[in-house]
Amino acid sequence: MAPPPPQQPKNRNRGPAATGGNGRPPRRMASRDAAERAAFFARREAAAVLRRVLRGDAARRSAGSIKSLVYSPTVRNKRATFALVCQTLKYLPILKEVLGSSGVLNSKWKKQEELVIVTAYDILFGQGIAVSGSAEELIMLHKDNLRRALERICAKRKVSSVEDLLGKETAVKPKPRFLRVNTLKTTTESVVEELSKIHMVNNDDMVPDMLVLPPGTDLHSHPLVTNGKVFLQGKASCMVAVALCPKPGWKVIDACAAPGNKTVHLAALMKGEGSIIACELNKERAKTLQHTVRRSGANNIQTVNGDFLDIDSNDPSYAEVRAILLDPSCSGSGISTERLDHLLPSHSRDDQDDASTSSRVMKLSAFQKKALSHALSFPSVERVVYSTCSIHQAENEDVVNAVLPLATSLGFELATPFPAWHRRGLPVFEGSELLLRTDPEDGLEGFFIALFVRKAAGGDVEPPNEDVELGRKEPNEDVAVEPRREQVRRRRGGVRAFSSLRLSRMILCSKRGFW
């Protein structure tokens, strides 16, 4: 009798898969292998995102929100990665304590700390799928020790389950899904026709080419989004470019442009005519800006990886700049919920202090004043929009109030963006009612917009398209600026009586060339 054939060793991933009678892997095994592969790659993509999130949070110089990092082109399995990053951050204090007490994160694994943390979450609290990766093997080797460490922590804090160790979750009120039609590539009518087949779609009543869909609508992988015909952009964010309202053919600067949604919105409002200089100091964010521009199809945008403050406003190259959009670095307090900032380690630290007067906000405010003063110094600029996604007075009204004397000396005054909008600036100085705020109570993000317009020779503010009737929403029409006759009436009533204190001309930039 011939001896039985030797038994093949079990090797789940490194050898050929077992096959069925038709030469293909059994369906159950193929499904398991696919799930393991998906888990393997999702953990590594999540670890890469988590590394950037935590490093940016520690330095308080974020490379982007969790959502923007996950939904970047480099991440393939976006849905799984997003869930994994959010859940890992939710359990992060517990995971660090457990891994630390178990001695798992020794010097050998310190360089891959984020991958170990993500894998530990997924195996201990998530899917529990273990694949043959080095981090997975490490966690499986110490799995029993990690569970015992969890039990000791629960006993020490006198709670019955791990969930009791977690803080209270921040309730997020669902907001409508806003999207902006990219008129450089398509029309609003064609997008409505296509999306109406699967969603309820409404036109926004204030922002041109903006559509409103039900909360929770996920369009990240929809062809209209991936090919740049539609941008998933909040209404408050879109109000910024509309407030600037540049004419086709103008030369425009977007001073702090990344990720680029407002930049390409400007290009659409300008119908692709004229030119836009889009500045971004951060190298990684500049790459994101370039990708956004490519996706939009705009061919009148020049991206510059450099500092807006390094531009010499008296350089003849910028003598024809007519409009500047300044949306500088800010605390992001108006979009902290959308950014999921409550999941970040710094969130608990900020809760201990008054965030609105923190040293970080004060430093940001000083930079914002400098940047706004510089924007106003360009000799031919007619319109400057200053905007933030902050709710703090220090970054909003206080910045505008501090720069008003300089603005007045250079011939600027505040105009009223979206005069029909109900929520205006905080009443902290005369004229603050001309400013605009949005708030989560409005179903939007928390934004702030100030519009500076240079007075014409006769002393009146010149709207870009005064012959267009207010309220009609055609591209590039003047839906964002109060009509001149209303401004004159308000000025006669004393509302616009700003100080005309004369200051010496301030050029807050170096004399170095920009490139």
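Residues numbered from 1 in each chain as written. Predicted model: local features only at pLDDT ≥ 70, side-chain atom pairs only at ≥ 80, totals over all residues. Heavy atoms only, no water.

Engineer: Tell me what's going on with the overall build of the chain, and back it up with residues and numbers.
Structural biologist: Summing up its helical and strand segments, the chain has 16 helices and 12 strands in all. Relative to its full complement of 515 residues, the chain shows a buried share of 48%. Restricting the contact set of the chain to residue pairs at least 6 apart, pairs at least 24 apart contribute 72%. (Helix = DSSP H or I, 4+ residues; strand = E, 2+ residues; numbered from the N terminus. Buried < 20%, exposed > 50% of the residue type's maximum accessible area, 1.4 Å probe, protein only. Contact = heavy atoms within 4.5 Å.)

Engineer: I'd like a description of the packing of aromatic side chains, backed by residues and values.
Structural biologist: Enumeration according to the criterion identifies 7 aromatic pairs in this entry. When the ring of Tyr-121 is compared with that of Phe-125, the centres are 6.0 Å apart and the planes differ by 35°; the resulting orientation is tilted. An aromatic cluster is present here, built from Tyr-91, Tyr-121 and Phe-125 joined pairwise through their rings. Looking at Arg-44, its charged tip hangs above the ring of Phe-40, at a distance of 3.7 Å from the centre. (Phe/Tyr/Trp six-rings, centres within 6.5 Å; stacked < 30°, edge-to-face > 60°. Lys NZ or Arg CZ within 6 Å of the ring centre and 35° of its normal.)

Engineer: Account for the UniProt feature "binding site: S-adenosyl-L-methionine" (unreviewed entry) in the chain, with residues named and values stated.
Structural biologist: In this structure's numbering, the residues bearing the UniProt feature "binding site: S-adenosyl-L-methionine" (unreviewed entry) are Cys-256, Ala-257, Ala-258, Pro-259, Gly-260, Asn-261, Lys-262, Glu-280, Asp-307 and Asp-327. Here Gly-260 is to be found in the loop between β5 (251–254) and α11 (261–269). In contact with Gly-260, not counting residues within four places along its chain, are Leu-289 and Thr-292. Note that Asp-307 resides in the loop between β7 (301–304) and β8 (321–326). In this structure the side chain of Asp-307 is engaged in a polar contact, spanning 3.0 Å, whose partner is the backbone nitrogen of Leu-309. (UniProt positions renumbered as here; feature names shortened; annotations may be inferred. Polar contact = N/O pair within 3.5 Å; in protein donor to acceptor, adjacent residues only side chain to side chain.)

Engineer: Provide a residue-level description of the UniProt feature "active site" (unreviewed entry) in the chain, including the pertinent values.
Structural biologist: When the UniProt feature table is mapped onto this chain numbering, "active site" (unreviewed entry) sits at Cys-389. With respect to the helices and strands, the residue Cys-389 is situated in the loop between β9 (383–388) and α15 (397–409). Here Cys-389 is in contact with Cys-330, Gly-332, Ser-333, Gly-334, Ile-335, Gly-446 and Phe-447, once residues within four sequence places are set aside.

Engineer: Mind laying out the sheet that holds strand β1 (residues 177–181), listing which residues take part and the relevant values?
Structural biologist: As a general point, the strands of a sheet are linked pairwise by backbone hydrogen bonds and lie either parallel or antiparallel. Overall, antiparallel pairing links the 4 strands, which are arranged β2-β3-β1-β4 in an open sheet. Of all the strands in the sheet, just β2 (202–203) and β4 (230–231) have a single pairing partner and so form its edges. In this sheet, β4 lies alongside β1 in antiparallel orientation, the contact comprising 2 bridges. Bridging from a neighbouring strand, Arg-180 pairs with Phe-231 of β4. Sheet contacts for α11: β1 and β4; angle to β1, the most-contacted strand, approximately 45°. (Pairing = 2+ DSSP bridges. Axes fitted to C-alpha atoms, helices over the stretch in contact; angles between N-to-C directions.)

Engineer: Any chance you could break down helix α8 (residues 188–195) for me, citing the residues and the numbers?
Structural biologist: Every buried residue belonging to α8 is among Thr-188, Val-191 and Leu-195, and all of these are buried. Projected down its long axis, α8 carries its buried residues within an arc of 65°, all on one side. Facing away from the buried side of α8 by more than 90 degrees, the exposed set consists of Glu-189 and Glu-193. Its buried side turned inward, α8 meets β1, β2, β3 (210–213), α9 (223–226) and β4. (Arc of directions from axis to C-beta.)

Engineer: Account for the packing of helix α3 (residues 78–90) against helix α5 (residues 113–124), with residues named and values stated.
Structural biologist: Contact geometry of α3 with α5 gives a least axis separation of 10 Å together with a crossing angle of 90°. Classed by the angle they form, the pair α3 and α5 counts as roughly perpendicular. On the side of α3, the interface is formed by Leu-84, Gln-87 and Thr-88, while α5 contributes Ile-117, Val-118, Tyr-121 and Asp-122. The class makeup of the residues in the contact of α3 with α5 is 4 nonpolar, 2 polar and 1 charged. (Parallel < 35°, antiparallel > 145°, perpendicular 65-115°, else oblique. Nonpolar A, V, L, I, M, F, W, Y, C, P; charged D, E, K, R; others polar.)

Engineer: I'd like a rundown of the state of the cysteines, residues and numbers included.
Structural biologist: Disulfides are covalent bonds that link the sulfur atoms of two cysteine residues. The final tally for this structure, using the stated rule, is 0 disulfides. Not engaged in a disulfide, the cysteine Cys-389 finds its nearest cysteine sulfur in Cys-330; these two sulfurs lie 3.4 Å apart. Residue Cys-389 is classed as buried on the basis of its relative accessible area of 13%. (Disulfide = S-S within 2.5 Å.)

Engineer: How would you summarise the environment of Thr-438 if you had to cite specific residues and measurements?
Structural biologist: As for its position among the elements, Thr-438 is in the loop between β11 (436–437) and β12 (448–454). Assessed through its relative accessible area of 4%, Thr-438 is described here as buried. As for Thr-438 and Gly-334, which are separated by 104 residues in sequence, their C-alpha atoms are 8.8 Å apart. In this structure, Thr-438 is in contact with Ala-236, Met-239, Trp-421, Arg-423, Leu-444, Glu-445, Gly-446 and Phe-447, ignoring residues within four places of it in sequence. Within polar-contact distance, the side chain of Thr-438 engages the backbone oxygen of Glu-445 at 2.6 Å. In terms of polar contacts, Thr-438 uses its side chain to reach the backbone amide nitrogen of Phe-447, at 2.9 Å.

Engineer: For the packing of helix α4 (residues 92–102) against α5, give the residues involved together with the corresponding values.
Structural biologist: Between two packed helices, both the angle of their axes relative to each other and the distance between the axes serve to describe the pair. Taken N-terminus to C-terminus, the directions of α4 and α5 make an angle of 105°; their axes are 10 Å apart at the nearest point. In this view, α4 runs roughly perpendicular relative to α5, as classed from their interaxial angle. Residues Leu-92, Leu-95, Lys-96 and Leu-99 of α4 pack against Glu-113, Val-116, Ile-117, Ala-120 and Tyr-121 of α5. Taken together, the residues of the contact of α4 with α5 break down into 7 nonpolar, no polar and 2 charged.

Engineer: I'd like a rundown of α4, residues and numbers included.
Structural biologist: All of the buried residues along α4 are Leu-92, Ile-94, Leu-95, Val-98 and Leu-99. Mapping the buried residues of α4 onto a view down its axis gives an arc of 160°, with all of them on the same face. Exposed side chains of α4 directed beyond 90 degrees from the buried face belong to Pro-93 and Gly-100. Once α4 finishes, Gly-103 follows within two positions and takes phi at roughly 70°, a positive value.

Engineer: Could you give an account of the environment of Ser-134, with specific residues and numbers?
Structural biologist: Its place among the elements puts Ser-134 in helix α6 (residues 134–141). On the basis of relative accessibility, which here comes to 40%, the residue Ser-134 falls in the partly exposed class. Beyond its immediate sequence surroundings of up to four residues, Ser-134 is in contact with Arg-44 and Trp-109.

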